[in-house]
Amino acid sequence: ETGVTQTPRHLVMGMTNKKSLKCEQHLGHNAMYWYKQSAKKPLELMFVYSLEERVENNSVPSRFSPECPNSSHLFLHLHTLQPEDSALYLCASSQSRGHEQYFGPGTRLTVT
Amino acid sequence: DQQVKQNSPSLSVQEGRISILNCDYTNSMFDYFLWYKKYPAEGPTFLISISSIKDKNEDGRFTVFLNKSAKHLSLHIVPSQPGDSAVYFCAASAYQTGANNLFFGTGTRLTVIP
């Protein structure tokens, strides 16, 4: 595997379900990010981890819970989501002092 | 309030001609700017970047121009090819508590007509 991978690629879940999104980077980076992309909106930064420590949490509802067990893996735990949470969720990585972020293919989430 | 704006949602260009994509920003603290390209069902792919201390950066068919006084940057693609058809995102970077955070525009869909 190379670059940034995300699983699953597609997810349909009910509002009462609990699921997790997984991201793995194979680039030797030490910062990882979660973004949300909704239709006709810019990418919204949700969480930033640098050196496995959360450094940014952009007022994201608590039904989204990130986890970064090491510098290569990032999770987004989901529970009791709302239909408006349906979106493309993108993971990215970079060097903590680098500007270029490298993105995974995203998880298309649909909440029913 | 959106800090990075791409006011043209779409652009169509003939193959072989120049494509010019524009981006405006409002925050003077941004010190680095990037362009990403996105195909359907894929994540954004880094294309080219420019530091705020420069006004031009060129990489093959792609050139990015930065006008700091106008808070404006543009991406020129010449000659345009059908494979360049994609959504292009402008992003601006600011260092905040441990990492460089990117602020994105809404994207411009480029269609290159063969």
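Conventions adopted
- Residues numbered from 1 in each chain as written.
- Chains lettered and ligands numbered in written order.
- Predicted model: local features only at pLDDT ≥ 70, side-chain atom pairs only at ≥ 80, totals over all residues.
- Heavy atoms only, no water.
- Buried < 20%, exposed > 50% of the residue type's maximum accessible area, 1.4 Å probe, protein only.
- Helix = DSSP H or I, 4+ residues; strand = E, 2+ residues; numbered from the N terminus.
- Pairing = 2+ DSSP bridges.
- Contact = heavy atoms within 4.5 Å.
- Axes fitted to C-alpha atoms, helices over the stretch in contact; angles between N-to-C directions.

Q: Hey, could you go over the pairing of strand 5 (residues 45-51) of chain B for me, with residue numbers and the actual values?
A: Strand 5 of chain B sits mainly inside the fold: 5 of its 7 residues count as buried. Hairpin connection, strand 4 (residues 32-38) of chain B to strand 5 of chain B: the antiparallel pair is bridged by 6 residues, and Ala41 of chain B has positive phi, about 65 degrees.

Q: Residues and numbers for the side chain of Asp85 of chain A, please.
A: Residues and elements named next belong to chain A. Turning to its location among the elements, Asp85 is positioned in the loop between strand 8 (73-79) and strand 9 (87-94). What makes Asp85 buried here is its relative accessible area of 2%. With sequence-adjacent residues up to four places away left out, Asp85 is seen in contact with Lys36, Arg63, Phe64, Leu109 and Val111.

Q: So what's going on with the sheet that holds strand 1 (residues 4-7) of chain A? Which residues, and what values?
A: Residue and element names in this part refer to chain A. Strand order in this open sheet of 4 strands is 1-3-8-7, and the pairing throughout is antiparallel. The open sheet has two edge strands, strand 1 and strand 7 (64-70), and neither has a second partner. Here the strands of the sheet are splayed against their neighbours by 20 degrees on average, with no regard to which way each runs. One ladder, built from 4 bridges, connects strand 1 with strand 3 (residues 18-25); its direction is antiparallel. Note on strand 3: the bridge partner recorded for Thr5 is Glu24.

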